[in-house]
Amino acid sequence: TEAAHALTTFAFNELKAKRVEASSDSQNEKSIALLNKLGFAQEGHLRNATTCPANGELRDLLVFAKTSPP
(Lines give C-alpha, C1' and ligand atoms only; values in the text may rest on other atoms or scores of the structure.)
Protein backbone atom coordinates (compact mmCIF):
# COMPACT_ATOMS: atom_id res chain seq x y z
CA THR A 1 0.00 0.00 0.00
CA GLU A 2 2.76 2.44 0.93
CA ALA A 3 4.70 1.81 -2.27
CA ALA A 4 1.64 2.18 -4.50
CA HIS A 5 0.68 5.39 -2.69
CA ALA A 6 4.22 6.75 -3.06
CA LEU A 7 4.30 5.98 -6.79
CA THR A 8 0.91 7.61 -7.35
CA THR A 9 1.93 10.69 -5.35
CA PHE A 10 5.21 10.90 -7.28
CA ALA A 11 3.39 10.70 -10.60
CA PHE A 12 1.06 13.56 -9.69
CA ASN A 13 3.47 15.81 -7.77
CA GLU A 14 6.80 15.31 -9.53
CA LEU A 15 5.84 14.19 -13.02
CA LYS A 16 2.76 16.44 -13.14
CA ALA A 17 0.62 13.57 -14.39
CA LYS A 18 -3.04 14.36 -14.87
CA ARG A 19 -4.08 10.70 -14.81
CA VAL A 20 -2.69 7.43 -13.47
CA GLU A 21 -4.05 4.11 -14.71
CA ALA A 22 -3.78 0.63 -13.26
CA SER A 23 -5.26 -2.71 -14.19
CA SER A 24 -5.96 -5.90 -12.29
CA ASP A 25 -7.14 -9.41 -12.95
CA SER A 26 -10.82 -9.43 -12.03
CA GLN A 27 -10.18 -12.28 -9.58
CA ASN A 28 -7.35 -10.51 -7.72
CA GLU A 29 -9.36 -9.23 -4.77
CA LYS A 30 -6.34 -7.83 -2.90
CA SER A 31 -5.22 -5.68 -5.85
CA ILE A 32 -8.76 -4.41 -6.39
CA ALA A 33 -9.09 -3.53 -2.70
CA LEU A 34 -5.75 -1.68 -2.81
CA LEU A 35 -6.76 0.37 -5.84
CA ASN A 36 -10.06 1.27 -4.22
CA LYS A 37 -8.27 2.24 -0.99
CA LEU A 38 -5.97 4.55 -2.96
CA GLY A 39 -8.96 6.30 -4.54
CA PHE A 40 -8.83 4.76 -8.00
CA ALA A 41 -12.14 4.39 -9.81
CA GLN A 42 -12.97 1.40 -11.97
CA GLU A 43 -13.47 2.61 -15.52
CA GLY A 44 -13.51 -0.56 -17.53
CA HIS A 45 -14.08 -4.29 -17.56
CA LEU A 46 -12.33 -6.05 -20.42
CA ARG A 47 -13.70 -9.54 -20.90
CA ASN A 48 -11.30 -12.36 -21.82
CA ALA A 49 -8.48 -9.83 -22.08
CA THR A 50 -5.68 -11.88 -20.57
CA THR A 51 -4.75 -15.40 -19.62
CA CYS A 52 -3.86 -16.93 -16.29
CA PRO A 53 -0.14 -17.78 -16.26
CA ALA A 54 -0.76 -20.93 -14.21
CA ASN A 55 -3.27 -22.64 -16.49
CA GLY A 56 -3.85 -20.50 -19.60
CA GLU A 57 -7.49 -19.84 -18.63
CA LEU A 58 -9.00 -16.69 -20.11
CA ARG A 59 -9.45 -13.95 -17.52
CA ASP A 60 -11.17 -10.58 -17.35
CA LEU A 61 -9.13 -7.44 -16.74
CA LEU A 62 -10.40 -4.48 -14.73
CA VAL A 63 -9.11 -1.00 -15.59
CA PHE A 64 -8.86 1.68 -12.90
CA ALA A 65 -7.81 5.32 -13.03
CA LYS A 66 -7.18 8.23 -10.72
CA THR A 67 -7.00 11.82 -11.88
CA SER A 68 -5.06 14.68 -10.32
CA PRO A 69 -6.92 17.05 -8.03
CA PRO A 70 -8.00 20.29 -9.72
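Residues numbered from 1 in each chain as written. Predicted model: local features only at pLDDT ≥ 70, side-chain atom pairs only at ≥ 80, totals over all residues. Heavy atoms only, no water.

*Asks:* So what's going on with the overall build of the protein chain? Residues and values would help.
*Replies:* What the protein chain contains, in helices and strands, is 2 helices and 3 strands. The order of α-helices and β-strands along the protein chain, N terminus first, is α-β-α-β-β. Expressed along its principal axes, the backbone C-alpha trace of the protein chain runs to roughly 40 × 20 × 20 Å. For the protein chain, restricting intrachain contacts to residue pairs at least 6 apart in sequence, the fraction spanning at least 24 positions comes to 53%. Accessible surface, the protein chain: about 5,000 Å² in total, of which carbon and sulfur atoms supply 53%. (Helix = DSSP H or I, 4+ residues; strand = E, 2+ residues; numbered from the N terminus. Contact = heavy atoms within 4.5 Å. Areas by Shrake-Rupley, 256 points an atom, 1.4 Å probe, with all protein chains shown as cover.)

*Asks:* An account of the side chain of T8 is needed here, citing residue identities and associated values.
*Replies:* Inspection of the secondary structure puts T8 in helix 1 (residues 2-13). A distance of 2.9 Å separates the side chain of T8 from the backbone oxygen of A4, its partner in a polar contact. Setting aside anything within four residues of it in sequence, one finds T8 in contact with F40 and K66. (Polar contact = N/O pair within 3.5 Å; in protein donor to acceptor, adjacent residues only side chain to side chain.)

*Asks:* Quick rundown of the sheet that holds strand 2 (residues 41-51)? Include the residues and the values.
*Replies:* With respect to topology, 3 strands assemble into an open sheet ordered 1-3-2, the strand pairing being antiparallel. Taken across any chain shown, the strands that pair with only one partner, and hence form the sheet edges, are strand 1 (19-25) and strand 2. The average undirected angle you get between the axes of adjacent strands in this sheet is 25 degrees. Note: strand 2 against strand 3 (residues 58-67), 7 bridges, orientation antiparallel. Residue pairing across strands places L46 opposite L61, the latter belonging to strand 3. The sheet contacts of helix 2 (residues 29-37) involve strand 1 and strand 3, and relative to strand 1 the element is tilted by about 160 degrees. (Pairing = 2+ DSSP bridges. Axes fitted to C-alpha atoms, helices over the stretch in contact; angles between N-to-C directions.)

*Asks:* A description of the nonpolar core should follow, citing residues and the corresponding values.
*Replies:* Nonpolar side chains tend toward joint burial in soluble globular proteins. Formed by A11, F12, A17, V20, I32, L35, L38, F40, L62 and F64, the largest nonpolar core amounts to 10 residues. For this core, the elements supplying multiple residues, two or more each, are helix 1, helix 2 and strand 3. Apart from residues lying up to four places away in sequence, A17 is in contact with A11, F12 and S68. (Core = buried A, V, L, I, M, F, W, Y, C linked by side-chain atoms within 4.5 Å. Buried < 20%, exposed > 50% of the residue type's maximum accessible area, 1.4 Å probe, protein only.)

*Asks:* Just give me the short version of the side chain of R59, but keep the residues and values in it.
*Replies:* One can find R59 in strand 3. Taking the relative accessible area as the measure of exposure, R59 reaches 11% and is therefore buried. For R59, the side chain forms a polar contact with the side chain of Q27, separated by 3.0 Å. Once you skip the residues sitting within four places of it in the chain, R59 turns out to touch D25, Q27, L46, N48, A49, T50, T51 and C52.

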